[in-house]
Amino acid sequence: MIRIIFAGQGGQGVLSAGIMVAESGLHEGREVSFIASYGPEMRGGTANCSVIVSDDPIASPLCSTPDVLVALNGPSFHKFSPRVRSGGIIIVNGSMSDCYAGRDDVTVYDIPANDLAHEAGDLRSVNSVMLGALCAATELVRDKSIFNCMNEKFVGKPALMEVNQKAFELGKAAVQFQK
Amino acid sequence: MSKVLLHGTEAICEGAIRNGCRAFFGYPITPQNEVPEYMSVNMPKIGGVFLQAESEVAAINMVYGAAGSGTRSMTSSSSPGVSLKQEGISYISCARIPCVIVNVMRAGPGLGGILPAQGDYFQAVKGGGHGDYHLIVLAPSSAQEACDLTYLAFDLSDKYRVPAMILADGMIGQLMEPVELPPMRPLSDIPVKEWATDGRFGKNRRILNSLLIKPDELEAQVNALTATYAEIAEKETRVENYRTEDADIILTAYGVVGRILKSAADELRRQGIKAGVIRPISLFPFPEKAYKDGAKTAKVFLDVELSTGQMVEDVRLAVAGAKPVYFYGRTGGNVPEESEIIEQAKLAISRAEAER
């Protein structure tokens, strides 16, 4: 069972990324759950979601101590990094945050996701960069499953599909470089 | 049949649509806005009616009318909106019109907050409106159950001519999970309603009414309702028992909180404490027997709610003093973490031992 928290600011695609991981797990025949935490905020506010991918039925859908944190900005990195379980993984968007978690019992991958998204051709693909990084760091779901979800999301928009696929590969390469 | 990833609220809609719901009336309120959103897209596709009413009061009275014509009808809201519907719900109960009311509970009292809560248990189970009536109240804990229980609610409501309520804590509005959808039921498969005011055109008149001004007529109606509730209690009680056979401590909660308890029970067992969970699925009728049976073997109960203690009263009535029943609750939209529940369970055990 892997419990992940995706966190960032509204508009960064945090919830979309979480749903893609849940969908991918589902398509691979795993048990999955997705729960979004929302407040009265919209774009610019904070957004986070908890995703669980498991081989067994999932009891609680909440992740109080996640195995993996994917933080897309500074405030969410600092809010959630103390909660990651010992031995867990943190993937942080280094373009928008420092990467000092103040603890040495977790693996931190510092990914300049905004820059990589820009390189891929569209800043909005920042969540795809982080998905690529997540898949490389955890081998949680197969790349192909994520691409299938992207294909569904960007149906009729081949240019966006290409950008997001490239962003995913860049994120993946960034983690492999740091491994 | 393959599973699809659905929001809890979407699962409620699919459960309704697939069991013949063809009229939806509602008014927006967080955290259940995905229900009217989904219905507005999907009802027209199947020849159903979606109508955004001018208020919650209007919506429940539209349900009164539409369901009275025999059409399976639903309304949905969240706590403050459901309070507004209470007058209509009492009328519908007296007129014995089947329908489904969804309450995705948010934090109260008052306008409260938009985050998950379970503060409407009393209102749903004890009768939030006036008069001697009850609803069939079902509490889903997952997206799958949200679908299945809504599907079931229409059948139970039709069978007993008692309105049914889906009482979901707000987490159902935030949750996405795989759901195996039931097949679409053809309308021709749904039993004909011999009482429906569906246009009689010269045949014998049918009247659905909640004004029974003669004392004996009203008393007969109330007695008939009471007899129906007793029959429902006998036949339609639903509960999930999780590792209770040998449990020393029984944790209990309904809705999504019940699932957090299951995680906590597993962890307690890893630590050497025999814990189990009773999760009522039907809140009315309340699964008293599960608690009575549990009290024979367990030493202590801990009831956990997103309220200051509502269902715990029914748990205490069922346990009837046989064993101590403790309570732990969070409010305001906060949801207890597994670690809090484990701590409270240990506290309950030591308190029970001290009091023995």
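Residues numbered from 1 in each chain as written. Chains lettered and ligands numbered in written order. Predicted model: local features only at pLDDT ≥ 70, side-chain atom pairs only at ≥ 80, totals over all residues.

If you tally the helices and strands in chain B, you get 12 helices and 14 strands. Over its C-alpha trace chain B gives a radius of gyration of 21 Å, about what one expects of a compact globule, namely 21 Å for 356 residues. Reported as C-alpha extents along the three principal axes, the dimensions of chain B are approximately 75 × 50 × 40 Å. Buried residues in chain B amount to 53% of all 356 residues. The contacts of chain B with a sequence gap of at least 6 include a subset with a gap of at least 24, amounting to 79%. (Helix = DSSP H or I, 4+ residues; strand = E, 2+ residues; numbered from the N terminus. Rg over C-alpha atoms; globule rule 2.2 N^0.38 Å. Buried ≥ 20, exposed ≤ 12 C-beta atoms within 10 Å, placed from the backbone. Contact = placed C-beta atoms within 7 Å.)

All right, on to the confidence of the model for chain B then. Mean pLDDT over chain B works out to 96, with 100% of the residues at or above the 70 mark. Taken over the whole predicted complex, pTM reads 0.95, whereas the ipTM for its chain interfaces reads 0.90. (pLDDT = per-residue confidence, 0-100.)

Contacts between chain A and chain B engage 17 residues on the former and 18 residues on the latter. Broken down by class, the residue content of the side of chain A that touches chain B amounts to 12 nonpolar, four polar and one charged. When strand β2 (residues 31-37) of chain A meets strand β8 (residues 175-179) of chain B, the two strands line up antiparallel, connected through two bridges. Paired with Phe-34 of chain A across the bridge in β8 of chain B is Met-176 of chain B. (Nonpolar A, V, L, I, M, F, W, Y, C, P; charged D, E, K, R; others polar. Pairing = 2+ DSSP bridges.)

Of all hydrophobic cores here, the largest spans 176 residues; its most connected members are Ile-91, Met-130 and Ala-133 of chain A together with Val-137, Leu-138, Ile-249 and Leu-251 of chain B. For this core, the element with the most residues is helix α4 (residues 126-138) of chain A, which contributes nine residues. Counting contributing residues, this core receives three or more from each of domain 1 (4-235) and domain 2 (240-355) of chain B. Leave out the neighbours within four places in its chain, and Val-137 of chain B touches Ala-124, Val-125, Met-165, Leu-167, Ser-282, Leu-283 and Phe-284 of chain B. (Core = buried A, V, L, I, M, F, W, Y, C linked by C-beta atoms within 7 Å. Domains from an automatic or database assignment.)

Turning our eyes to something else, we now look at the sheet that holds strand β1 (residues 2-9) of chain A. Strand order in this open sheet of eight strands is β6(A)-β5(A)-β4(A)-β1(A)-β3(A)-β2(A)-β8(B)-β1(B), and the pairing throughout is mixed. Edge strands, defined here as strands with exactly one partner in the open sheet, are β6 (107-111) of chain A together with β1 (4-7) of chain B. Ignoring which end each strand starts from, the neighbouring axes of this sheet average 15 degrees apart. One ladder, built from four bridges, connects strand β4 (residues 68-71) of chain A with strand β5 (residues 89-93) of chain A; its direction is parallel. Bridged to Leu-69 of chain A within β5 of chain A is Ile-90 of chain A. Where α4 of chain A meets the sheet, it contacts β1, β4, β5 and β6 of chain A, and its direction lies at approximately 155 degrees from that of β5 of chain A. This element, helix α1 (residues 8-18) of chain B, spans β1 and β8 of chain B of the sheet and lies at about 105 degrees to β1 of chain B. (Axes fitted to C-alpha atoms, helices over the stretch in contact; angles between N-to-C directions.)

All names here are of chain B. Relative to the 21 Å expected for 15 residues at 1.5 Å per residue, helix α9 (residues 256-270) spans 22 Å between its end C-alpha atoms, a close match to the ideal helical length. Extensive coverage of α9 is indicated by the burial of 11 of its 15 residues. Residues Val-256, Val-257, Gly-258, Arg-259, Ile-260, Leu-261, Lys-262, Ser-263, Ala-264, Ala-265 and Leu-268 constitute the buried set of α9. Packed against the buried residues of α9 are β7 (164-169), β9 (239-242), β10 (249-252), β11 (275-280), β13 (300-305) and α12 (338-355). Of the residues flanking the end of α9, it is Gly-272, one or two places downstream, whose phi is positive at about 95 degrees. (Expected span 1.5 Å × (residues − 1).)

With that out of the way, let us pick up the domain arrangement of chain B. All names here are of chain B. Domain assignment breaks chain B into domain 1 (4-235) and domain 2 (240-355). Spacing between the C-alpha centres of domain 1 and domain 2 amounts to 29 Å. The interface of domain 1 with domain 2 comprises 26 residues on the first partner and 22 residues on the second. Broken down by secondary-structure element, the contributors of at least two residues to the side of domain 1 that touches domain 2 are α6 (121-126), β6 (136-138), β7 and α8 (215-235). Of all the elements, α6 adds the most residues to the side of domain 1 that touches domain 2, at four residues. Its residues assigned to classes, the side of domain 1 that touches domain 2 comprises 20 nonpolar, five polar and one charged.

Residue and element names in this part refer to chain B. Geometrically, the link from Gly-108 to Pro-109 is a cis peptide bond, its omega value of 0 degrees lying close to zero. Looking at where Pro-109 falls in the secondary structure, it is placed in the loop between β5 (100-105) and α6. Cis geometry marks the peptide bond from Phe-284 to Pro-285; its omega dihedral reads 0 degrees. Along the chain, the position of Pro-285 falls in the loop between β12 (282-284) and α10 (288-297). In this structure, Arg-243 takes a positive phi of about 50 degrees despite not being glycine. Looking at the element boundaries, Arg-243 is found in the loop between β9 and β10. Note on Arg-243: 16 C-beta atoms within 10 Å, which makes it partly exposed.

Turning next to the packing of helix α1 (residues 14-27) of chain A against α4 of chain A. Residues and elements named next belong to chain A. Running from amino to carboxyl end, α1 crosses α4 at an angle of 40 degrees, the nearest separation of the two axes being 9 Å. As the angle between them shows, α1 and α4 are arranged oblique. The two elements α1 and α4 meet at a crossing, and its hand is right-handed. The segment α1 lies against α4, with Val-14, Ser-16, Ala-17 and Met-20 engaging Asn-127, Met-130 and Leu-131. (Parallel < 35°, antiparallel > 145°, perpendicular 65-115°, else oblique. Left-handed = near helix turned anticlockwise from the far one by under 90°.)

Moving on, we come to the environment of Ala-11 of chain B. Position of Ala-11 of chain B among the secondary structure elements: in helix α1. Not counting residues up to four positions away in its chain, the partners in contact with Ala-11 of chain B are Leu-6, Ala-143, Ala-146, Cys-147 and Val-179 of chain B.

A few words on the pairing of β13 of chain B. All names here are of chain B. Counting buried positions along β13 yields six of six residues, so the element is predominantly enclosed. Covered by surrounding structure in β13 are Val-300, Leu-302 and Val-304 together with Phe-301, Asp-303 and Glu-305, the residues of both alternating faces. Bridge count between β10 and β13: four bridges; the pairing is parallel. By the bridge assignment, Ile-249 is partnered in β13 with Val-300.

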